[in-house]
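Descriptive structure summary
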Amino acid sequence: MPRPVFVWTDDHGTGRNVFALFRKRFKLASVPRAAVLHLFADTRYRLRVNGEVASYGPARFTPTAPEHDSVDLAPLLVKGWNVVTVEANHKGASSFDSLPSSGGFIAWGKAGAIDLSTPGDWKAVRATAWDEQAPVFSFAQGPIEMLDVAKLPRGWLDRAADDRAWPKVTVLARQDAWGRMRPRSIPALSLDERVPARVLLVAPLRDDEERIGYREDGAASSHGARRRTPYAMHVHSPHDQEVTLGLFWGPHFLNGHELHPTTSQSLGNRQDIVVRLRAGWNFLYGEPEVMTSGWLVVIGLPRGKGLTAAAEPSLEARATMLHGDSLPEAELAGLRGGRVPTSIAELPRLPMAWREVARGAVLDVPARAMAWDRPAEAAAHDANVVQDLVLPTAGGRDATAVFDLGGEYLGHAVVELAAPAGTIVDIAYSERLREDGMLALFQTHWMVSEAERFIAAGSRSGSPERFEGYHARGGRYLQVTVRGATSAVTLARVAVRDTTYPLRVEGRFASSDPLFDWVWGAGVATLRACMEDAYLDCPWRERGLYLGDALVEYHVTRAVTSDAAMVRRCLWLWAAAQLPNGQFQDVVPSWHDTVLEDYSLIWVILLHDYWSATGDAKLVKELWRALEPLFASPSWVFAESGLINADAMHCFIDWGENAESKKGECATLNMYWCRALECAAVLAGVIGKRGEASSYAKRAKLARAKLVKGLWVASDRRFAATRAGGQLLAGPAIHANTLALYFDLVPNGHVDAVIGHIEAVIEDNPKQGPVKLGPYFFHFLLGGLYAHGREAAAERAVRRNYGLMSASGAWTMWENFTDHASRCHAWSATPLHYFSERVLGVRQERPGSIERMVVAPQASSLRWASGVVPHARGPIAVSWRRHGEVLEVGVDAPKGVRISVRPAGELAALRLRLVGKAAH
């Protein structure tokens, strides 16, 4: 078999949002028992066999350490002609799940006697069906999908279609753009389809507004350098009148006067203003800032007012607006001489290429169009009938349908519909609904443009046309809007093809408190939705692998499953993407190269915690190469006190934190430093590096001493938030003292005082305030409280904060305790770890060993609890119940695991009675 090589549609693989279509057609005399295709594509691929989706991939990677997939094609092969197709998308644009790279595809394997290696007789074309300049989904996820299906090569998925006229693949000039490839390190993702639980809305859209606008695909503002795009248009009014215009972020000027609109309370990324139009032509001019790639400038004009829009009066029949390229703000101001144009005659002062917006042009950012849509009267429908919906498109009206998937999803939208050719199909994903039943697009973030577009080719056979979204998206609700249909449209089927990690749920938990039981169920659902080809912060907005989030997610995972493949892979990813200065990117792989220094230190803590729970010294040895450069990083700048000075750094700490504790000799950063040194000392000893272990231990001890000397406030018996300019800034310092408790950094004799301070500060934590603990930091809060026998305080904190989510109908854990951001955020599932480790009480007797376990149930207000704790040797079942002054405990553990039952905290004062297998 010839050695496979990287191929593409050209020899360089560059460009933005490029889709390359690869096709291999072959004939089989019989179907082989196995036909394994090994493949990799940069950045993403979709593999189909005879038109059926067989795989999405690869798992996110760094170009220096790619992973290939291995897919058995045999179940989808047939006797006779077969076709294997790969749609590869090279992002070539900023995202939080890839690094800058170039497009490339490589494959090898056999189907019977058929060699599947590249180049072979693979064919390839660069697809023009996808909009390469499509706007980004969010600041984290790269370009959305905008696909004109009719522009796909005819019959390219059809195994009977002859492809001899297709060009052959081109061998890439650079074969060294990727490092040595290794097999995929985690299981393939689920490809199961989920159908909606119910239909929430079916309605035509109101047609009471004309929207005029354009998409600016040029450079956007960045790092404080604003760019603006100028536009100009005329509006003719039959008489003097007041009308309401729809706008967004200007400035905008009407007849030379700046407009000051107010933000719409119901429609996302929209502002409204009542203006007085004079009879005749009025001149509207603006210079909106270009905020992202593919920024939409749109003006809404009310219908029924007799208004006519034109780029200029002479172009009334052809164009509605003129616009120019985005320019740096200062340059644009200089071109117009500091004066705002008040008429079309003044535009020539702006020496640039002015382009026309054609009359009737469709807005090229589907989420912005959907955010401004409003339903007319709802059509009668049965909420439980989710298939074969006839949309109310009579009379040429646009229409929409909203589906509830019944819980958080992460996957690819699947829509089957019968619609005439040219029908625009917009699909949106969200976790929120507006009061009118539509999706609440842009309601929590102005640049999460959560919708994509397909343009129907029209089915020649009469059967429904099927669209499957290329990119995985997250949310709970799905909205399908059709525009420009010239005849009836039927939504035959809507679904989501899941692409989540195949999470094997082994852990269970139940207790006397229904809220705790809700937390467990919602936490498992949250974790499931936030495990893809890496740990995710959330499935909806970002889908990024963040270090701080992963620390919590790993410990939550331990409560749910004994499968540790995910954390191993994530630790590898960070090591593979380590920066030349020894720091780690906060999210990896990512074009976002900002470092959060506290997150870099968390990598060491996470590696330590993984070893502690598994005893896996092999991984520690493999990744040690990344640990030493971190501590030697030139980024660490020390003050005269010996503490790290964070003035030149970026620290995340917690969403709830304010700026006072993120600069100067920041207590939280220095506490992470202390703990990371301690962990490094342990890890060095694990792999036999005695000298390094001794050195790190000495550095950790010295760092502790400097921390207490520099930041302990003796009069308050707690730590200050920071030292800046030689002055202690105490503040509430809730994060510093929480970390000190968790990392056991509180000076002897002062634990009670620190706990008292923490409890006082977080008493009203669910309420909005300038300084508080977010759900992420509850990992450290609950851990510190339980470790110091304050289970009553831990239980109160869980009830007070997570009770808000439950009472508000949450189905997964929110990003914050107040509902204003992501509604599915894995860092918030931290109670699951403590339900397993503390309430059920199952933990190791000593770090790194899994043979001897302790069952030490710890609770204050709970009357009973039971559950299963995952273990590498098999599940450990625990149940306990109070009977007056007696505590009954039952334990069932796998062979080879020795159990010691030692109730902790308040339960330790009760008389212990072992029942069941534990009694023997």
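For the structure itself, look to the data block above.
A short tour of the structure in this document, coming up. On a predicted model such as this, the values are computed, not experimentally measured, just so you know. (Residues numbered from 1 in each chain as written. Predicted model: local features only at pLDDT ≥ 70, side-chain atom pairs only at ≥ 80, totals over all residues. Heavy atoms only, no water.)

**Section: the overall build of the protein chain**
- Counting secondary structure elements, the protein chain contains 14 helices and 48 strands.
- Relative to its length of 920 residues, the protein chain is compact, with a C-alpha radius of gyration of 30 Å against a globular reference of 29 Å.
- Out of the 920 residues in the protein chain, the part that is buried amounts to 60%.
- Pairs at least 24 residues apart make up 77% of the contacts formed inside the protein chain by residues separated by at least 6 positions. (Helix = DSSP H or I, 4+ residues; strand = E, 2+ residues; numbered from the N terminus. Rg over C-alpha atoms; globule rule 2.2 N^0.38 Å. Buried < 20%, exposed > 50% of the residue type's maximum accessible area, 1.4 Å probe, protein only. Contact = heavy atoms within 4.5 Å.)

**Looking at the packing of helix α8 (residues 667–686) against helix α9 (residues 690–711)**
- Interhelical geometry of α8 versus α9 gives an angle of 160° and a closest axis separation of 8 Å. Classed by the angle they form, the pair α8 and α9 counts as roughly antiparallel. Taken as a pair, α8 and α9 cross one another with a handedness that is left-handed. Between α8 and α9, the residues in contact are A667, N670, M671, W673, C674, L677, E678, A680, A681, A684 and G685 and E692, A693, Y696, A697, R699, A700, A703, R704, L707 and L711, respectively.
- Classifying every residue of the contact of α8 with α9 gives 15 nonpolar, two polar and four charged. (Axes fitted to C-alpha atoms, helices over the stretch in contact; angles between N-to-C directions. Parallel < 35°, antiparallel > 145°, perpendicular 65-115°, else oblique. Left-handed = near helix turned anticlockwise from the far one by under 90°. Nonpolar A, V, L, I, M, F, W, Y, C, P; charged D, E, K, R; others polar.)

**What to know about the sheet that holds strand β48 (residues 911–915)**
- Reading across the sheet, the five strands line up as β37-β44-β45-β46-β48 and stay open at both edges, with mixed pairing between neighbours. Looking at strand neighbours, the two that pair on one side only are β37 (508–511) and β48, the edges of this open sheet. Averaged over neighbouring strand pairs, the angle between their axes works out to 15° when direction is ignored.
- One ladder, built from four bridges, connects β37 with strand β44 (residues 864–869); its direction is antiparallel. Looking across to β44, one finds that A510 is bridged to S866. (Pairing = 2+ DSSP bridges.)

**Things to note about the sheet that holds strand β7 (residues 80–90)**
- The strand order across the open sheet formed by five strands is β5-β4-β7-β2-β10, and the pairing between neighbours is antiparallel. At either end of the open sheet lies a strand with only one pairing partner, and these are β5 (52–57) and β10 (123–126). On average, adjacent strands in this sheet sit at an angle of 20° to one another, irrespective of strand direction.
- When strand β4 (residues 44–49) meets β7, the two strands line up antiparallel, connected through six bridges. Bridging across to β7, R44 finds its partner in N89.

**Description of unusual backbone geometry**
- Here the amide bond leading from T118 into P119 is cis, since omega sits at 10°, within 30 degrees of zero.
- In this fold, P119 is placed in the loop between β9 (114–115) and β10.
- Omega for the peptide link from G250 to P251 comes to 15°, which places this bond in the cis form.
- Note that P251 resides in the loop between β19 (241–247) and β20 (252–254).
- The phi angle at N255 is positive, at roughly 50°, despite the residue not being glycine.
- Among the structural elements, N255 can be located in the loop between β20 and β21 (257–258).

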